[in-house]
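Given next are the chains, with one letter for each unit.
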Amino acid sequence: IFARIENNDNADCFDTISFTIEVFDTPIANTANNLLQCDDNNDGFFVFDLSENDSLILGAQDATQFSITYHDSQANANSGSSTLSLPHTNTATTQTIFVRIENNDNANCFDTISFTIEVFDTPAANEVDDLLQCDDDNDGLWAFDLSVNDALILGAQDATQFSITYHESQADANSRSGVLAK
C-alpha cells in the first residue's frame, strides 16, 4: 500500500510512503490431557514431559507454522515469557500448566489453554499373614472376612488416600478385574 500526503494549497508539495499488509493465521489451542503420575518415591515431585501434549494442542494445524511453549502462569503464557524448561519438574503436587501456541511468523497471533499435572503417592502393600481356618464340616468352604487384613496391608498409610480390593489372581489384581467381596 502507498500513502500520499500533500499540501492542501499546493498539490505539488507532497510525500509518499509505502507499507505492507499481511494476514497471519491465529492458531487454535486444542484441549490437552491432564498429566497424572504415580510418585515413584513419594517425595511429591516428578519429571514430566509436557511436550507429550503437543500433538493434541496442535491438532490438524501445521507444526512448521506454529510453536508451542509451556508457562507457570496465564500472564506468562499471554506475554510469551518465562517459558518452562522441558522436561519439567512439578513445583506442587497439583500444578496448572499454561500453554501458548503462536504463529512462527507473527508472535502476536497466539492462543492459550491450560491443563493440570498431578503427582499421587504410590501405596506400598505391607505383608500380611495368610488367613487359615479349619473346615469343621469338611465341605471345603469357609466364608472369610478379607477386610480383617485392610489395616495390616495399609500399615501407617492414610486410609482416606487408598482403597483395597481383593482378587483371585495377580492378573486380576493388576487389571482391577474380578474383585472379590470382602
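Our subject is the structure listed above.
## A few points about the overall build of the protein chain
And step 1. Across its full length, the protein chain carries four helices and 10 strands.
And step 2. The helix and strand sequence of the protein chain, counted from the amino end, reads β-β-β-β-α-β-α-β-β-β-α-β-α-β.
And step 3. A compact globule built from 182 residues would reach a C-alpha radius of gyration of about 16 Å, whereas the protein chain, at 30 Å, exceeds it by more than 25%.
And step 4. With the C-alpha coordinates of the protein chain rotated into their principal frame, the extents come out at 120 × 30 × 25 Å.
And step 5. Looking at the protein chain residue by residue over its 182 residues, the buried ones come to 24%.
And step 6. Across the protein chain, every contact between residues at least 6 apart in sequence was considered, and the portion connecting residues at least 24 apart equals 55%.
And step 7. If you sum the accessible surface of the protein chain, you get close to 12,500 Å²; carbon and sulfur atoms cover 50% of it.
And step 8. In the protein chain, 4 positive and 31 negative side-chain charges are present, and the distance between their average locations comes to 13 Å.

## Observations concerning the sheet that holds strand β5 (residues 66–71)
And step 1. Spatial strand order, β3-β8-β7-β5: four strands in an open sheet with mixed pairing. Strands with a single pairing partner mark the edges of an open sheet, and in this sheet they are β3 (35–39) and β5. Averaged over all neighbouring strand pairs, the angle between strand axes comes to 25°, with direction disregarded.
And step 2. The pairing of strand β7 (residues 94–103) with strand β8 (residues 106–121) spans 10 bridges and is antiparallel. Bridge pairing in β8 links T94 to E118.

## With respect to the nonpolar core
And step 1. Core analysis: the largest hydrophobic core is formed by 17 residues, its most contacted members being L50, I57, Y70, I97, F115 and I117.
And step 2. With four residues, β8 is the largest single contributor of residues to this core.
And step 3. Residues in contact with I57, not counting those within four places in the same chain, are I28, A29, N30, A32, I68, Y70, V99, I101 and I113.
And step 4. Within the second largest apolar cluster, six residues are counted, among which are L146, L154, F162 and Y166.

## Remarks on the packing of aromatic side chains
And step 1. Summed over the entire model, instances satisfying the criterion amount to two aromatic pairs.
And step 2. Between F46 and F48, the ring centres sit 5.4 Å apart and the planes meet at 70°, which makes this aromatic pair edge-to-face.
And step 3. The exposure class assigned to F48 is buried, which follows from its relative accessible area of 4%.
And step 4. A ring pair is formed by Y70 and F115, whose centres lie 6.2 Å apart and whose planes are at 85°; its orientation type is edge-to-face. Remark: F115 occurs in strand β8 and Y70 occurs in strand β5; sequence separation between them is 45 residues.
And step 5. Judged by relative accessible area, which is 1%, Y70 ranks as buried.
And step 6. Classification of F115 as buried rests on a relative accessible area of 2%.
And step 7. Taking the ring centre of F14 as reference, the NZ or CZ of R4 above it sits at 3.7 Å.

Conventions we followed
Residues numbered from 1 in each chain as written. Predicted model: local features only at pLDDT ≥ 70, side-chain atom pairs only at ≥ 80, totals over all residues. Heavy atoms only, no water. Helix = DSSP H or I, 4+ residues; strand = E, 2+ residues; numbered from the N terminus. Rg over C-alpha atoms; globule rule 2.2 N^0.38 Å. Buried < 20%, exposed > 50% of the residue type's maximum accessible area, 1.4 Å probe, protein only. Contact = heavy atoms within 4.5 Å. Areas by Shrake-Rupley, 256 points an atom, 1.4 Å probe, with all protein chains shown as cover. Lys, Arg positive; Asp, Glu negative; His and termini not counted. Charge placed at Lys NZ, Arg CZ, Asp CG, Glu CD. Pairing = 2+ DSSP bridges. Axes fitted to C-alpha atoms, helices over the stretch in contact; angles between N-to-C directions. Core = buried A, V, L, I, M, F, W, Y, C linked by side-chain atoms within 4.5 Å. Phe/Tyr/Trp six-rings, centres within 6.5 Å; stacked < 30°, edge-to-face > 60°. Lys NZ or Arg CZ within 6 Å of the ring centre and 35° of its normal.

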